[in-house]
Amino acid sequence: MTVIKIQKNVLSKNDELAAELRREFARKGVLVLNMLSSPGSGKTTLLEKTARALSAKLRLAAIEGDLQTERDADRIRAAGVRAVQINTGRGCHLDANMISGVLPQLDLGELDVLFIENVGNLVCPAAFDLGEDKAVLLVSVTEGDDKPAKYPTAILKADLLVLNKLDLQPYTNFDVERFRSDVARVKPSLPMLEISCTMETGLESWFQWIEAKFQAKRRQPLR
Amino acid sequence: MHEMSIAISIVSTLKDEMALHPGMALKKVTLGIGELSGVEVESLRFSLEFALAEENWQGIEFEMTKTPLGARCRECGARFAAEASDFRCPRCGSDKFDIEAGQSVTIDSIEVE
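Structural notes, computed from the coordinates.

Cut-offs used in this document
- Residue indices begin from 1 for each chain and proceed along its sequence in written order.
- Each chain is given a letter, starting from A, and each ligand a number, starting from 1, according to the order in which they appear as written.
- Per-residue local features are limited, in this predicted model, to residues with pLDDT of at least 70; the limit for side-chain atom pairs, both in listing and counting, is 80 or more; totals at the level of whole chains, interfaces and linings are taken over all residues.
- Water and hydrogen atoms were dropped before computing side-chain values, which therefore reflect all heavy atoms in the structure.
- Helix and strand assignments come from DSSP, with helices taken as H or I runs of at least 4 residues and strands as E runs of at least 2, each series counted from the N terminus.
- Buried, partly exposed and exposed residues are distinguished by accessible area as a fraction of the type maximum, computed with a 1.4 Å probe on protein chains only: under 20%, between the cut-offs, and over 50%, respectively.
- Throughout, a contact is declared for two residues whenever any of their heavy atoms are within 4.5 Å.
- Using a 1.4 Å probe, buried area is obtained as the accessible area two parts lose upon being combined, added over both of them.
- By salt bridge we mean one thing: a side-chain nitrogen of Lys or Arg within 4 Å of a carboxyl oxygen of Asp or Glu.
- Two N or O atoms count as a polar contact when they lie within 3.5 Å, although within protein this holds only if one can serve as hydrogen donor and the other as acceptor, and sequence-adjacent residues are included solely when both atoms are side-chain atoms.
- Pairs of strands are assigned from DSSP output, requiring at least two bridges between the strands.

### Quick word on unusual backbone geometry
Residues and elements named next belong to chain A.
Then, number 1: The residue Gln7 is not glycine, and still its phi comes out positive at about 50°.
Then, number 2: Structurally, Gln7 is set in strand S1 (residues 2–9).
Then, number 3: Among the residues examined, Gln7 registers a relative accessible area of 54% and is labelled exposed.
Then, number 4: Not every positive phi belongs to a glycine, and Lys165 is a case in point at roughly 65°.
Then, number 5: Among the structural elements, Lys165 can be located in the loop between strand S7 (160–164) and helix H7 (176–186).

And the structure:
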């Protein structure tokens with residue numbers, strides 16, 4: 001019997017492909033945002049509002065990940081933005097290979113910002129790098145304030161935390177301070193925005209964040 | 001929940017590795033399961049059975065060990081177990097660190113004969 005040391009990350013193939021995607025996005029100067037959340041947190045609604053608000057300034061597109069249906073892509077298209085739907089069947093996350101597969105349907109050279117709406121799930125999407133610049137974690141108050149404590153991986157992966165449905169907070173037992181301190185326990189440096197898509201509050205800071213990240217990306221030398 | 005994709009990736013990596021050792025049979029695989037990889041060991045074992053059957057591989061023993069969430073402090077360089085020390089550097093108290101291990105699944109070693 002011979003023992004052979006391997007020390008190989010099981011997802012190294014995904015990570016290698018994601019690194020290739022990241023280089024391609026950098027060459028084209030496209031800011032790519034990987035949107036993570038539970039089902040029903042409001043990812044698609046946030047993207048609809050974003051599409052309507054920013055289309056005049058920035059060239060946007062979205063990749064929509066869902067187990068089934070074209071419904072999310074249809075909603076984004078109705079908001080005037082190019083959208084490609086990926087149906088994962090029973091798959092609980094998007095991976096780099098799926099993104100690579102739909103890129104021919106998008107003209108990256110004609111884009112400024114690409115949103116990737118991941119499958120609604122706080123566990124598996126956190127494990128798969130898609131070549132994105134930033135991961136945005138959306139949490140809504142109706143999910144409960146214990147999510148950061150229960151799903152630290154999603155918090156660790158996130159570069160921005162957006163707390164949605166704040167208009168519903170008076171009808172829930174969601175404690176924003178407890179939420180904030182649980183987040184800080186895992187990742188104190190994580191910036192957080194508080195918004196309500198329905199009431200359209202706090203959205204301006206989200207739009208500014210996107211524009212700032214896009215400008216920063218364009219300042220990087222194109223490779 | 002993503003154990004099936006992990007299992008398929010494991011088997012595909014093992015196939016690549018075994019191609020380097022012609023005439024040898026795979027007997028045992030040691031996996032490191034990151035504390036925060038989101039992988040359930042029982043569910044992974046279950047998924048591996050299917051992924052292995054696909055390749056007509058049988059009788060392979062899998063040993064799975066937990067890999068703690070390993071962090072390296074950006075301020076003082078100390079290495080520590082992030083979750084056990086409440087996401088703070090036990091040496092200097094800093095909360096700025098990079099995760100070095102424990103978020104993924106690794107194939108640590110294999111035994112062949």
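From this point, the narrative continues.
### Examining the interface of chain A and chain B
Then, number 1: Facing the 26 residues of chain A at the interface are 34 residues of chain B.
Then, number 2: Summed over both sides, the interface of chain A with chain B buries roughly 2,600 Å², with 62% coming from carbon and sulfur.
Then, number 3: There are two salt bridges connecting chain A and chain B.
Then, number 4: One salt bridge connects Arg185(A) with Asp86(B), and the closest N-O pair in it is separated by 2.4 Å.
Then, number 5: Our enumeration of links across chain A and chain B arrives at eleven residue pairs in polar contact (both at pLDDT 80 or more).
Then, number 6: Of all the secondary-structure elements, those providing two or more residues to the side of chain A that touches chain B are S1, helix H6 (152–157) and H7 of chain A.
Then, number 7: Looking at the side of chain A that touches chain B element by element, the count peaks at eight residues for S1(A).
Then, number 8: Across six bridges, the pairing between S1(A) and strand S6 (residues 105–112) of chain B is antiparallel. Bridge assignment links Thr2(A) to a residue of S6(B), and that residue is Val112(B).

### Digging into the side chain of Ser37(A)
Residue and element names in this part refer to chain A.
Then, number 1: Residue placement: Ser37 occurs in strand S2 (residues 31–37).
Then, number 2: Here Ser37 falls in the buried class, since its relative accessible area comes to 0%.
Then, number 3: Of note is the side chain of Ser37, whose polar atom sits 2.8 Å from the side chain of Lys43.
Then, number 4: Sequence-distant contacts of Ser37, defined by excluding residues within four places in its chain, comprise Lys43, Val119, Gly120, Asn121, Leu122, Leu137 and Leu138.

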